[in-house]
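Each chain, written out:
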Amino acid sequence: MNSRSIEENASLPKPLPSGLIPTLNKMGYMTQFLDEYSLKFIDHPNSADKPLFEIGAAFGVATLEALKRGATVIANDLDEEHLKILQNLCPEQYKCNLMLAPGKFPDEVDIENDSVSAILICRVIHFFSPEEIKVAFNKLFDLLKKGGRLFLVADTPFQKNWTKFQPIYLQRKKDGAEFPGLVTNSGEYITDLGFNLPNMLNFMDPDVLRRELQEAGFVIEKLEFINRINYPDTVRLDGRESVGTIAIKP
């Protein structure tokens, strides 16, 4: 793997009143809490030659906790500035177990196949186009060792600030659209927190995730909606705000 040591004086952006931390590249927000899938990832057994791998780590809330538990972690993010902040936040005694892999996954990230024990991709995949998802899921499968686990969390359209889009999603779902949650003009629909989002989002649901993961070769261990009790009131809707899955490479 080609990893880089990233340094110097980057600091964490100021959280919003909701507690969400805006990303620097307008790709949403990092939460300061860990959902159950992230918690299972950070406790997953690994070794120096089969590390954990977090894709879209942002400022590293999950990566830092995994390091504190003794893990070796490869942290990836599209924005190199995020990884500068992560490295600065990392206590000195854990830096020897932290490898940084900036760049867009999978095209710009050079990691050998069968080389990681578990992967976390949390609240990232809904920024991928349908074509990118298919390529990414095949690469995720290839990177994992046999028996390795993928921990994946994605946002759904069932959020209060996306109520304008929900009828469109539901009609597409009824019509059998392959990716019913695809949005190409987010500003037309979102009512809150839209200032830090790209135009294109691709909201997930259990059916879409199950299909795409199985087509890539994964065996589904767990797949369900996540009740985001820690999301701000302007986002929380009915307990289906996110979807999470644990998938195994057999």
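Worth saying up front: this structure is predicted, and the values here are computed from it rather than measured.

In this structure, what is going on with the overall build of the protein chain? I would like to understand it.
The helix and strand inventory of the protein chain stands at six helices and eleven strands. Against the globule reference of 18 Å for 250 residues, the protein chain gives a C-alpha radius of gyration of 17 Å, in line with a compact fold. On the principal axes, the C-alpha backbone points of the protein chain span a range of 50 × 40 × 30 Å. Burial statistics for the protein chain: of 250 residues in total, 53% are counted as buried. Taking contacts inside the protein chain between residues at least 6 apart in sequence as the whole, the part at least 24 apart equals 71%. Looking at the protein chain as shown, the accessible area adds up to about 10800 Å², and 49% of this sits on carbon and sulfur atoms.

I tried to follow the pairing of strand β6 (residues 116-122) on my own but got confused; where do I start?
When a strand is regular, its side chains alternate between the sheet's two faces. In terms of residue burial, β6 counts as a mostly covered element, since seven of its seven residues are buried. In this structure, strand β3 (residues 52-55) lies alongside β6, joined through four bridges in parallel fashion. Bridge pairing links Phe 53 to Ile 119 in β6. One ladder, built from six bridges, connects β6 with strand β7 (residues 144-155); its direction is parallel. Pairing of Cys 122 across the sheet is with Val 153, part of β7. In this view, the connection linking β6 to its parallel neighbour β7 by way of helix α4 (residues 130-143) has right-handed handedness.

Even after reading the chapter, I still don't get the pairing of strand β5 (residues 98-102), so can you show me in this structure?
A large share of β5 lies buried, amounting to four of its five residues. In this sheet, β5 lies alongside strand β4 (residues 73-77) in parallel orientation, the contact comprising five bridges. Counterpart to Ala 75 in the pairing with β5 is Leu 100. With helix α3 (residues 80-89) bridging β4 and its parallel neighbour β5, the resulting β-α-β unit is right-handed.

Criteria and cut-off values
The numbering scheme is per chain: residues are counted from 1 as the chain's sequence reads. In view of the model being predicted, local features appear only for residues whose pLDDT reaches at least 70, and side-chain atom pairs are presented and counted only at 80 or more, with totals across whole chains, interfaces and linings using the full set of residues. Side-chain measures were taken over the full set of non-hydrogen atoms in the model, leaving aside hydrogen atoms and water. The way it works is that DSSP assigns letters per residue, a run of H or I at least four long becomes a helix, a run of E at least two long becomes a strand, and they are numbered from the N terminus. The atom set for the radius of gyration is the C-alpha atoms, and the globule formula is 2.2 Å times the number of residues raised to the power 0.38. Note on exposure labels: buried denotes an accessible area under 20% of the residue type's maximum, exposed denotes more than 50%, and partly exposed covers the range between, all computed with a 1.4 Å probe on protein chains only. Only heavy atoms enter the contact rule, under which two residues are in contact if any of them lie within 4.5 Å. With residues, only the protein chains shown are counted as cover, and all accessible areas are computed by Shrake-Rupley using a 1.4 Å probe. Two strands pair if DSSP finds at least two bridges between them. For the handedness criterion, the strands are oriented away from the viewer, and a crossover whose path from the first strand over the helix to the second runs clockwise is classed as right-handed.

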